[in-house]
Amino acid sequence: MNPLKWLLNKLPVDSNDSAGVGPFRLPAPRCDWMQRAAKLHDNDFLNSHDGSKRLSEADADLFWRWALEAHAEQDPIERCRKFSDICKYWPLARRFGRYFWDG
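Conventions adopted
Residues numbered from 1 in each chain as written. Predicted model: local features only at pLDDT ≥ 70, side-chain atom pairs only at ≥ 80, totals over all residues. Heavy atoms only, no water. Helix = DSSP H or I, 4+ residues; strand = E, 2+ residues; numbered from the N terminus. Expected span 1.5 Å × (residues − 1). Bend = angle between axes of the 7 residues up to and from the residue. Buried < 20%, exposed > 50% of the residue type's maximum accessible area, 1.4 Å probe, protein only. Polar contact = N/O pair within 3.5 Å; in protein donor to acceptor, adjacent residues only side chain to side chain. pLDDT = per-residue confidence, 0-100. Contact = heavy atoms within 4.5 Å.

Over its 21 residues, helix α4 (residues 76-96) extends 30 Å from the first C-alpha to the last, a length consistent with the 30 Å expected when each residue adds 1.5 Å. The sharpest bend along α4 comes to roughly 25°, located at Y89, with the proline P91 sitting one to four residues further on. Those residues of α4 that sit buried are K82, D85, I86 and Y89. Sitting at the amino-terminal end of α4 is D75, which places a side-chain oxygen 3.1 Å from the backbone nitrogen of I77.

In structure tokens, the structure reads:
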């Protein structure tokens, strides 16, 4: 078993419904706009054992969904802030997600 998953399973059940695992969550409220795509990404992780998708595909989907959300923003300053958030959080998801992937 993955030691990180084992450790997280020892923590109390988290009632927080936001995307991420335990302490690895996007900061609210700044990143609330990222939740929908991140929850879909979490779902890919929950189903990773079935082998239907590779980790790189799940991460690419996350990036694409976040980029679509950011690009849809009407305010140019807010759009830039959202793209900045993607540049900050997507590499973290990409780097550390492999420790949670069962595929």
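Structure's up, so let's keep going.
As a further point, take the confidence of the model for the protein. On average, the protein scores 85 in pLDDT, and the residues at 70 or more come to 80%. Mean pLDDT in the protein bottoms out at helix α1 (residues 3-10), which sits at 60, and peaks at helix α3 (residues 55-71), which reaches 97.

Turning our eyes to something else, we now look at the environment of K53. Locating K53 in the fold gives a position in the loop between α2 (35-46) and α3. Once residues lying within four places of it in the same chain are set aside, the contact partners of K53 are D44, A58, D61 and W101. Within polar-contact distance, the side chain of K53 engages the side chain of D44 at 3.3 Å.

With that out of the way, let us pick up unusual backbone geometry. A cis amide bond links A28 with the next residue in sequence, P29, at an omega value of -5°. Relative to the helices and strands, P29 is located in the loop between β2 (24-25) and α2.

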